[in-house]
Amino acid sequence: MAIRKTNPAFLNGVPELLLLELLSRRPMYGYELVQSIKLATGGTLEFGEGCIYPILHRLETQGVLAAAREVVGGRERVVYRVTPRGKKQLAESVSAWQRIVGAVNHALQGGERERPALAS
Amino acid sequence: MNAQRWLLELRTELVRRKLPPLYVERFVLELSDHLSNLLEDRMSTDAKDLHGVFQRLGSPGHVAASAAQEFRKARFSQRHPVLMFVVLPVLSLPVLWFASLTCIILLMGALGIESGKVDTGGAAWQFANACLPYTVLGLLILPAAASAAFFARLADRAQVSWKWLAAASVVIAVLGGLAAIDIMLPTMHEQGRLTLGLSFSRSPSASQVLQFVLPLAICGWAIWRQMRNGRQMMHA
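As the structure is a computational prediction, the values presented were derived from the model and not from experiment. (Residues numbered from 1 in each chain as written. Chains lettered and ligands numbered in written order. Predicted model: local features only at pLDDT ≥ 70, side-chain atom pairs only at ≥ 80, totals over all residues. Heavy atoms only, no water.)

**Concerning the sheet that holds strand β1 (residues 28-29) of chain A**
All names here are of chain A.
Phase 1 of the analysis: Ordered in space as β1-β3-β2, the three strands form an open sheet in which the pairing is antiparallel. The open sheet is flanked by β1 and β2 (65-72), the only strands paired with a single partner.
Phase 2 of the analysis: Looking at chain direction, β2 and strand β3 (residues 75-82) are connected through eight bridges and run antiparallel. Paired with E70 across the two strands is R77, which belongs to β3. (Pairing = 2+ DSSP bridges. Helix = DSSP H or I, 4+ residues; strand = E, 2+ residues; numbered from the N terminus.)

Have a look at this one:
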């Protein structure tokens, strides 16, 4: 998923995390997933919608997602769901994300000043 | 720009980036569905801004670039096709030949056919001697066939271009076609002999033709199947 210029470059890996999280709640097809991302992030994160599919395909190739053709709303669509391997990866990614957010927040709130200087 | 033109441009961009036909068809199919949803939403909200719909999707070039980048990220064989489909087939055959020959030597040992203590009148020796031509033929053909089947499966799973599988099949066919194995069982007076090498003949034997043709046939069938699946997906 290409992140538009409105989103900073340090969001690498975030689209994958969001996709896995949303698909772990229920299986969805591409368009549905894009709408869910908008709803879930309150429109803060904007993605080029066409670029969501390459990421879904890669995650499928890696065995993190499974795709199947199903009839949804009277039309045949490719529906994605998280595999057991994907659930494991999601748990690891969420844990890593929380550690990073915690560490960055700590630094932004002046955490460095509380620690002794490592080098003079 | 209209939807058809956007999809056509996307297809052209995907093909230009040398993505496999099967993947291109699937990608265009999903994007076509996505585009239909966007246009339906636009009609239901009375929005007139068609340009905004395409802006939300991204330009065909940008979407295709993203597809190519993600596609090649996925598998080692996609990132290093020369290594996987040219170098590895060269290495795979000698490994398979040595493994097969080791199995034969161990089997002979288990049957008691070893140099220095051979009873050529024994049932085991007679049986082994009768099976020898078929064993040699199997040793020449099976590793090449197994190797071709392995690379056909690998190419299918990685969805690499058919040209890489064709390259692998040619490498296997040439190496397999040139292979020659000679086995002579030990007797009371002579030690056994086992020779493995490559030999070229202007008038190849039926076995050598088979060694050459079989890997090509296996890979050719896999390529045909890949293309047929691509066409079926396109008509779906």
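**Digging into a nonpolar patch on the surface**
Residue and element names in this part refer to chain B.
Phase 1 of the analysis: Among the surface-exposed residues, F76, V82, L83, V87, L88, V90, L91 and F150 lie close enough to one another that they form a single nonpolar patch of about 660 Å² accessible area.
Phase 2 of the analysis: No other element matches helix α6 (residues 81-111), which puts six residues into the nonpolar patch.
Phase 3 of the analysis: Along the chain, F76 falls in helix α5 (residues 76-79). (Patch = residues over 30% accessible without salt bridge, like charges linked within 9 Å, V, L, I, M, F, W, Y side chains within 5 Å. Areas by Shrake-Rupley, 256 points an atom, 1.4 Å probe, with all protein chains shown as cover. Salt bridge = Lys/Arg side-chain N within 4 Å of Asp/Glu carboxyl O.)

**Focus: helix α3 (residues 52-61) of chain A**
Note: α-helices contain 3.6 residues per turn, so residues at a spacing of three or four share the same orientation.
Residues and elements named next belong to chain A.
Phase 1 of the analysis: The buried count for α3 comes to eight of ten residues, which makes it a mostly enclosed element.
Phase 2 of the analysis: Taken together, the buried positions of α3 are I52, Y53, P54, I55, L56, H57, R58 and L59.
Phase 3 of the analysis: Looking one or two residues past α3, G63 carries a phi angle of roughly 80 degrees, positive in sign. (Buried < 20%, exposed > 50% of the residue type's maximum accessible area, 1.4 Å probe, protein only.)

**Remarks on the confidence of the model for chain B**
Phase 1 of the analysis: Taken as a whole, chain B shows an average pLDDT of 83; of its residues, 90% reach a score of 70 or greater.
Phase 2 of the analysis: Per-element mean pLDDT across chain B ranges from 68 in α5(B) up to 92 in helix α1 (residues 3-16) of chain B. (pLDDT = per-residue confidence, 0-100.)

**Considering the interface of chain A and chain B**
Phase 1 of the analysis: The interface is formed by 28 residues belonging to chain A together with 26 residues belonging to chain B.
Phase 2 of the analysis: Between chain A and chain B, the buried area comes to about 2200 Å², and carbon and sulfur atoms account for 48% of it.
Phase 3 of the analysis: Applying the counting criterion to the chain A and chain B interface returns six salt bridges.
Phase 4 of the analysis: Its salt-bridge partner being R26(B), residue E60(A) comes within 2.8 Å of it at the nearest N-O pair.
Phase 5 of the analysis: Run the count over chain A and chain B and you get 15 residue pairs in polar contact (both at pLDDT 80 or more).
Phase 6 of the analysis: Among the secondary structure elements, those contributing two or more residues to the side of chain A that touches chain B are α2 (30-41), α3, β2 and β3 of chain A.
Phase 7 of the analysis: Take the side of chain A that touches chain B: its biggest share by element is seven residues, from α3(A). (Contact = heavy atoms within 4.5 Å. Buried area = accessible area lost by both parts, 1.4 Å probe. Polar contact = N/O pair within 3.5 Å; in protein donor to acceptor, adjacent residues only side chain to side chain.)

**What about the packing of aromatic side chains?**
Phase 1 of the analysis: By the definition in use, this model includes four aromatic pairs over all chains.
Phase 2 of the analysis: For the pair Y23(B) and F27(B), a centre-to-centre distance of 5.9 Å together with 40 degrees between the ring planes defines the contact as tilted. Separated by four residues within a single helix, Y23(B) and F27(B) lie in helix α2 (residues 21-44), roughly one turn from each other.
Phase 3 of the analysis: Here Y23(B) falls in the buried class, since its relative accessible area comes to 5%.
Phase 4 of the analysis: Here a set of aromatic residues connected by ring pairs shows up, and it is made of Y23(B), F27(B) and F71(B).
Phase 5 of the analysis: Across the ring face of Y29(A), the terminal group of R77(A) is positioned such that the distance to the ring centre comes to 4.2 Å. (Phe/Tyr/Trp six-rings, centres within 6.5 Å; stacked < 30°, edge-to-face > 60°. Lys NZ or Arg CZ within 6 Å of the ring centre and 35° of its normal.)

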